[in-house]
Amino acid sequence: MIHYSLVCESEHAFEGWFRSSEDFERQTKMALVACPVCGSTTVHRGLMAPSVLSGRDRDATRNSPPPVATEAPKQPMMLPDPAQLAMLEALRELRAKITEGADYVGERFADEARRMHYGETDKRGIYGEASVDEAKALAEEGIPVSPLPTLPDDRN
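Residues numbered from 1 in each chain as written. Predicted model: local features only at pLDDT ≥ 70, side-chain atom pairs only at ≥ 80, totals over all residues. Heavy atoms only, no water.

1. Side note on the sheet that holds strand E3 (residues 43-45)
The strands making up a sheet associate through hydrogen bonds between their backbones, and the pairing can be parallel or antiparallel.
Then comes step 1: As summarised here, the arrangement of the 3 strands in space is E2-E1-E3, forming an open sheet in which the pairing is antiparallel. Each edge of the open sheet carries a strand with a single partner, namely strand E2 (13-18) and E3. Strand after strand, the sheet turns through a mean of 40 degrees between neighbouring axes, direction not considered.
Then comes step 2: Two strands pair when backbone bridges link them, and strand E1 (residues 2-8) and E3 are joined in this way by 3 bridges, in the antiparallel orientation. Of the residues in E3, the one forming a bridge with Cys 8 is Val 43. (Pairing = 2+ DSSP bridges. Helix = DSSP H or I, 4+ residues; strand = E, 2+ residues; numbered from the N terminus. Axes fitted to C-alpha atoms, helices over the stretch in contact; angles between N-to-C directions.)

2. Here's the deal with helix H1 (residues 21-29)
Structural remark: α-helix, 3.6 residues per turn; residues separated by three or four positions point the same way.
Then comes step 1: Within the sequence span of H1, burial applies to Asp 23, Phe 24, Gln 27 and Thr 28. Along the axis of H1, the buried residues cluster in a sector spanning 130 degrees; they form a single face. Opposite its buried face, H1 presents the exposed residues Glu 22 and Lys 29, each directed more than 90 degrees away.
Then comes step 2: At its buried positions, H1 is contacted by E1, E2 and E3.
Then comes step 3: Note on H1: the residue one or two positions beyond its end, Ala 31, has a positive phi of about 60 degrees. (Buried < 20%, exposed > 50% of the residue type's maximum accessible area, 1.4 Å probe, protein only. Arc of directions from axis to C-beta. Contact = heavy atoms within 4.5 Å.)

3. As for the environment of Cys 38
Then comes step 1: Note that Cys 38 resides in the loop between H1 and E3.
Then comes step 2: Look at Cys 38 and you get partly exposed, because its relative accessible area is 38%.
Then comes step 3: Cys 38 sits 42 residues away from Pro 80 along the chain, and the two C-alpha atoms are 9.3 Å apart.
Then comes step 4: In contact with Cys 38, other than residues within four places in its own chain, are Cys 8, Ser 10 and His 12.

4. Concerning a negative patch on the surface
Then comes step 1: Together, Glu 107, Asp 111, Glu 129, Asp 133 and Glu 134 give the surface a local cluster of negative charge.
Then comes step 2: In this structure, Glu 129 sits in the loop between strand E5 (126-128) and helix H5 (132-140).
Then comes step 3: A relative accessible area of 36% means that Glu 129 is categorised as partly exposed. (Patch = residues over 30% accessible without salt bridge, like charges linked within 9 Å, V, L, I, M, F, W, Y side chains within 5 Å. Areas by Shrake-Rupley, 256 points an atom, 1.4 Å probe, with all protein chains shown as cover. Salt bridge = Lys/Arg side-chain N within 4 Å of Asp/Glu carboxyl O. Lys, Arg positive; Asp, Glu negative; His and termini not counted. Charge placed at Lys NZ, Arg CZ, Asp CG, Glu CD.)

5. Here we look at the environment of Tyr 118
Then comes step 1: Examined against the element boundaries, Tyr 118 turns out to sit in the loop between helix H4 (109-117) and E5.
Then comes step 2: Not counting the four nearest positions on each side in its chain, Tyr 118 is found in contact with Glu 141 and Ile 143.
Then comes step 3: Only 2.9 Å separates the side chain of Tyr 118 from the side chain of Glu 141, close enough to count as a polar contact. (Polar contact = N/O pair within 3.5 Å; in protein donor to acceptor, adjacent residues only side chain to side chain.)

6. Description of the confidence of the model for the protein
Then comes step 1: For the protein, per-residue confidence averages 83 on the pLDDT scale, and 78% of positions sit at 70 or higher.
Then comes step 2: The secondary structure element of the protein with the lowest average pLDDT is helix H2 (residues 55-63), at 63, and the one with the highest is H4, at 95. (pLDDT = per-residue confidence, 0-100.)

7. Brief notes about unusual backbone geometry
Then comes step 1: The phi torsion at Glu 11 lies on the positive side, around 70 degrees, for a residue other than glycine.
Then comes step 2: Looking at the element boundaries, Glu 11 is found in the loop between E1 and E2.
Then comes step 3: By relative accessible area, which is 59% here, Glu 11 ends up exposed.
Then comes step 4: Although it is not a glycine, Ala 31 adopts a positive phi angle of roughly 60 degrees.
Then comes step 5: Here Ala 31 is to be found in the loop between H1 and E3.

Below, the structure is given as C-alpha cells:
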C-alpha cells in the first residue's frame, strides 16, 4: 500500500492509501477520490517527506523490541456532504411512508405477493425480503414488486 498526502483544488489537505501509483491515477481519472472537506474530485498529490533513517537510527531500530500500541489506531474520517445528508433524509422519509401502511411479512414476501395476486387473500401493502431469483420470478408472473431503498443504517 502507498500512502499519499493529497490536496484538492481548494487547497484542503488530506491523506489516502492506494495499492499502487497506477491505482491512484486510475481512481483520480474516474473522480473516485474526493476531498472530505468540500467534495471536490480535482485532487493531486501533495508534498511528502520521505522517511529516512540514519545508520545509527537503523541499528537502534534493529536492536530494539517492536513498539507496543497503547491506543487504537485512528480511523479515517470525513464530513458528509450536505447534499448527501439531504438525500439520505429524503430516502428515510420515502421508506417510512412506504412501510407505515404496509405489513412486514419477512421471508414470506414472495409467497404472500403471489397469494394476493392470485386472489387467495385480500390485497394490501406488504414488504419483506426476497432473493433476486424470487423477485425475477414474481416479475415474470406479472406481479409488480419494487426494492425498498437501502439505507446505510440497514447495513450497520
